[in-house]
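One-letter residues, chain by chain:
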Amino acid sequence: MSLATEDGTDVSNTGAGGRADGSPHRRGTLVRGLIVSAVVLVLATIASLAVGNRAIDPVTVLQSLFAYDDANALHLMVLELRLPRTLLGIVVGAALAVCGGLIQAFTRNPLADPGILGVNAGASFAVTFAVGVLGLTTPGAYVPFALAGAFVLTILVYALGSFGASGATPMKLTLAGVALGAAFTGLTTAIVLHDLGTLQVMRFWGVGSIGGRTLDQLAWAAPLIIAGLVIGLLCARSLNALTLGDDLAQALGARVQVTRVLVIIAVTLLAGTSVAAAGPIAFVGLMIPHIVRWFTGPDQRWVLSYSMIIGPSFLLFADILGRIVLPSGELRVGIVTALLGAPLLIALVRRKRVSGL
């Protein structure tokens, strides 16, 4: 990153231990890595359109996209079933990964994610309330509830974590998030168990899945997620300053309170819309920023940019694995990300030096 004091002294183009990481060679390497990541995402997209209960060759996939024939059953399968699923995987994967990066930088806690801070629990409770109490059944109808739940939990966690002379420390924010997340998860379970109809709806949605979605559902989810991504990326420079502490960030000219408000808005849009569209999918927001920081360093501009590309690739490959791992049927993507994420989380804990912020 590139932050300077009023006398022009650059204090931010350093990595761990004061090592300079803003050289043209370093930037060129990161740009090339971003291009490679984009190519991987394109390949993951094609694979997601081609792989399933019935394999479709890539040529037919491309023909269905650019020379659609409504008399061709394979073209119909690609456009009606696999394309909405793939596009939703792209936007939700980007949303979860960037949301995780924002929360980790915001709380200065490298192990924070929307699940640990209770954001997903708030959105899940609001959706469950909409389904079980108000009788709403279509995802588009309960999007406002998911956004409201995510926003309220984010505010409550930050308010509780800010009590005391030390202010909002990473430890207090994490403890507040875990406590409130557990409380709202209990309320969600109570509503689900009280009504059999709600149980039938929520037992599939609560696992996390991008299958069975339509382009109409994508039409309301994509704009909200794109807005959250834009806001989050615009906050990246100020988040770099916040990692140095509030006082130093203000001395460097960062607008601390404005940045916090914008990050809360971005997290609400990203987490709330993702939960409403695909259910609570775990570990993506925790893993991807860590993986990215291994080779980008702590600069949030690169961390968020890479996360926005690598997150969708990971989610699509997890979804593909879920389609082919069983002889019949498929595993929902939320289960696959948990199975893949748990070993990685253990590896992160066992590392001598967890990737810093």
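Note that the structure is predicted; figures quoted are calculated from it, not measured. (Residues numbered from 1 in each chain as written. Predicted model: local features only at pLDDT ≥ 70, side-chain atom pairs only at ≥ 80, totals over all residues. Heavy atoms only, no water.)

Give me the packing of aromatic side chains: which residues, what numbers.
Per the stated rule, a full pass over the model turns up 5 aromatic pairs. Ring centres 5.4 Å apart and planes at 35° place the aromatic pair phenylalanine 106 and tyrosine 158 in the tilted group. A residue pair is termed long-range when its members are at least 10 positions apart, and phenylalanine 106 in helix 3 (residues 73-107) and tyrosine 158 in helix 5 (residues 143-161) qualify at 52 residues. Each member of the pair, phenylalanine 106 together with tyrosine 158, is buried. Measuring from ring centre to ring centre gives 5.3 Å for phenylalanine 125 and phenylalanine 184, while their planes differ by 80°; the resulting arrangement is edge-to-face. Here phenylalanine 125, found in helix 4 (residues 119-132), pairs with phenylalanine 184, found in helix 6 (residues 170-194); they are 59 residues apart in sequence, far enough to count as distant. Taken together, the aromatic side chains of Phe125, Phe129 and Phe184 make up a single cluster linked through ring pairs. (Phe/Tyr/Trp six-rings, centres within 6.5 Å; stacked < 30°, edge-to-face > 60°. Helix = DSSP H or I, 4+ residues; strand = E, 2+ residues; numbered from the N terminus. Buried < 20%, exposed > 50% of the residue type's maximum accessible area, 1.4 Å probe, protein only.)

I'd like to hear about the UniProt feature "transmembrane region" (unreviewed entry) in the protein, residue by residue, with values.
Following the UniProt record, the feature "transmembrane region" (unreviewed entry) maps to residues 29-51, 86-103, 115-136, 142-161, 173-197, 217-236, 303-325 and 331-349 here. Across residues 86-103, the secondary structure splits into 100% helix and 0% strand, with the terminal C-alpha atoms separated by 26 Å. Along residues 217-236 the backbone is 95% helical and 0% strand, and the end-to-end C-alpha distance reaches 29 Å. (UniProt positions renumbered as here; feature names shortened; annotations may be inferred.)

Describe the packing of helix 8 (residues 215-234) against helix 11 (residues 256-278), with residues and values.
One can describe the packing of helix 8 onto helix 11 by two numbers: an axis separation of 8 Å at closest approach and a directional angle of 150°. Here helix 8 is positioned roughly antiparallel relative to helix 11, judged by the angle of their axes. When the axes of helix 8 and helix 11 are compared, the crossing they make is left-handed. Residues Trp220, Ala221, Leu224, Ile225, Ala227, Gly228, Leu229, Ile231 and Gly232 of helix 8 form the contact with helix 11, whose participating residues are Leu262, Ile265, Ala266, Leu269, Leu270, Thr273, Ser274, Ala276 and Ala277. (Axes fitted to C-alpha atoms, helices over the stretch in contact; angles between N-to-C directions. Parallel < 35°, antiparallel > 145°, perpendicular 65-115°, else oblique. Left-handed = near helix turned anticlockwise from the far one by under 90°. Contact = heavy atoms within 4.5 Å.)

Please set out empty space enclosed by the protein residue by residue, giving values where relevant.
Under the definition given, this model contains 3 cavities of 30 Å³ or more. Space inside the largest cavity adds up to approximately 100 Å³. Along the walls of the largest cavity sit Ile103, Phe106, Thr107, Leu117, Val119, Thr154, Val157, Tyr158, Leu173, Val263, Ile264 and Val267, which together make up its complete lining. Put simply, the parts of the chain that give the lining of the largest cavity at least two residues each are helix 3, helix 5 and helix 11. When grouped by side-chain class, the residues that make up the lining of the largest cavity number 10 nonpolar, 2 polar and no charged. (1 Å grid on protein atoms, 1.4 Å probe; cavity = no way out; pocket = protein on both sides within 12 Å on 5 of 7 lines; lining within 4 Å. Points joined across faces, edges and corners; volume = space filled by probe spheres on them. Nonpolar A, V, L, I, M, F, W, Y, C, P; charged D, E, K, R; others polar.)

For the packing of helix 1 (residues 24-50) against helix 3, give the residues involved together with the corresponding values.
The interhelical angle for the contact between helix 1 and helix 3, taken along N-to-C directions, is 145°, at an axis separation of 9 Å. Handedness of the crossing formed by helix 1 with helix 3: right-handed. Between helix 1, through Thr45, Ser48, Leu49 and Ala50, and helix 3, the contact on the second element is made entirely by Val78, Arg82, Leu83, Thr86 and Ile90. By residue class, the composition of the contact of helix 1 with helix 3 is 5 nonpolar, 3 polar and 1 charged.

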